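# Survey of secondary and tertiary structure
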Amino acid sequence: MAYLDGVSYLTLKNSQMIYSTKQILRVQKEENKHKRYPQFLGNAFHGIFFQNINPELANNLHDLETKPFVIQAFRLKKKDDKYLYYELVINSLTQELSSYLWESKTFLDCNQYHVKSFDLKLEVIESLSKSTNIEMLYLQNFKSEKLNEQINLEFTSPCSFKSKNRYHTLPDTRLILQSLMHKFDHYSNKLNFYAPEYLDYLAERLIISKFDIQSQRFKVDKTLIAGFTGKITLSLHKLNAEAKKIISLLIDFGEYSGLGIKASMGMGAYKKISNEKW
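Residues numbered from 1 in each chain as written. Predicted model: local features only at pLDDT ≥ 70, side-chain atom pairs only at ≥ 80, totals over all residues. Heavy atoms only, no water.

## So, the side chain of Thr229
Defined as follows: Put simply, DSSP H or I for four residues or longer makes a helix, DSSP E for two residues or longer makes a strand, and each gets a number counted from the N terminus. We define a polar contact as two N or O atoms separated by no more than 3.5 Å, with the added condition that, inside protein, one atom must be a possible hydrogen donor and the other a possible acceptor, whereas residues neighbouring each other in sequence contribute only through side-chain atom pairs. Here, residues are in contact when the closest pair of their heavy atoms is within 4.5 Å.
Relative to the elements of secondary structure, Thr229 occurs in strand β10 (residues 223–235). Polar contacts involving the side chain of Thr229 include one to the side chain of Gln216, which spans 3.0 Å. Ignoring anything within four residues of it in the chain, the contact list for Thr229 reads Phe155, Ser157, Pro158, Asp212, Ile213, Gln214 and Gln216.

## Points about the environment of Phe184
Rules: Only protein chains enter the area calculation, which uses a 1.4 Å probe; residues under 20% of their type maximum are buried, those over 50% are exposed, and those in between are partly exposed.
Its location among the elements puts Phe184 in helix α6 (residues 173–187). In this structure Phe184 comes out as buried when scored by relative accessible area, which is 0%. Between the C-alpha atoms of Phe184 and Lys244, which are 60 residues apart in sequence, the distance is 16 Å. When near neighbours in sequence (up to four residues on either side) are disregarded, Phe184 contacts Ile134, Leu191, Phe193, Leu249, Leu250 and Phe253.

## A few points about the sheet that holds strand β2 (residues 69–75)
Threshold: By the convention used here, strands pair only if DSSP detects at least 2 bridges between them. Only the contacting stretch of a helix is used when fitting its axis, a line to C-alpha atoms as for every element, and angles between N-to-C directions run 0 to 180 degrees.
Spatially, β2-β3-β1-β5-β4 is the arrangement adopted by the five strands of the open sheet, whose pairing is antiparallel. Here the strands that pair on one side only, and so sit at the sheet edges, are β2 and β4 (112–115). Each adjacent strand pair in this sheet contributes to an overall mean axis angle of 25°, direction not counted. Where strand β1 (residues 17–28) and strand β3 (residues 83–92) come together, ten bridges link them in antiparallel fashion. Across the sheet, residue Leu25 finds its bridge partner in β3, namely Tyr86. Strands β1 and β5 (120–133) of the sheet are contacted by helix α5 (residues 134–142), whose axis makes an angle of about 70° with β5.

## Focus on the side chain of Gln23
Summarising the element assignment, Gln23 is placed in strand β1. The buried category is assigned to Gln23, whose relative accessible area is 1%. In this structure the side chain of Gln23 is engaged in a polar contact, spanning 2.6 Å, whose partner is the side chain of Tyr113. At 3.3 Å, the side chain of Gln23 and the side chain of Ser127 are in polar contact. Other than its neighbours up to four places away in sequence, Gln23 contacts Tyr86, Glu87, Leu88, Phe107, Leu108, Cys110, Tyr113, Val124, Glu126 and Ser127.

## A closer look at the pattern of salt bridges
To be explicit about the condition: Throughout this description, the term salt bridge denotes a Lys or Arg side-chain nitrogen within 4 Å of a carboxyl oxygen of Asp or Glu.
Scanning all chains against the criterion turns up six salt bridges. For Glu204, the salt bridge goes to Arg205, with nearest N and O atoms at 3.6 Å. For Arg205, a relative accessible area of 27% translates into the label partly exposed. Salt-bridge contacts for Asp252 lead to Lys272; the nearest nitrogen and oxygen are separated by 2.6 Å. Of this pair, Asp252 sits in helix α8 (residues 241–257) while Lys272 is found in strand β11 (residues 270–273), placing the two residues 20 residues apart along the sequence. By relative accessible area, Asp252 is classed as buried at 5%.

Take it as geometry only, folks, not as evidence of what the structure does.
Pasting the structure below:
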């Protein structure tokens, strides 16, 4: 099964823009001991997102079964006697939505957010944006001579999977690959990686060689969904060169798309980390 040929690369020309905005927010601590400062605010910002975009676009997004965006918001581990800090990340995965957010600067221009459900007034102290596309992600992985033998991931929000009507709350190579393949194929137009036999091949050889994880719950409306956070190491040494590049590409895309269920609301957020941080 070959993916490195010229035909596959040509299908990526003019691929959809991925737009990412990251903001650091802070909220002043109150003396009230009963004041709640939740660990995760992705679900709350999901609502704020829809309130701040064009109503027609919001209606169109509501009707989509697969949401073309990811909203992640989680509390940072910073020692400060006066403030608590949150990181807000909004990733758009389609050209239409990316162009709208890029041109309108809807969230880049926000100085403060009011999360009404927790009565939190969050001040924006830092705001960054960047853009890429699947073609660029493809090139940085497939055209590089460097092959990843292992990849370290840190999950900053609970990750959980659903397969065959069952929830799975622990990391599993098959479920990780299956989720990433489906998400990638949905947005990459003609370049598709998912096939049952190829998933079998990759899952049998990709190994979770190290982990330090915790069980944690994520609130969606009135429901608490169990998942895992923490760090894992994926070992790729049993895979051939092409498979290593495919998995590296999927992992890079997953930093924008999220992993597993409820990713649009902030679950399954992860970032690659170096060996020094693990």
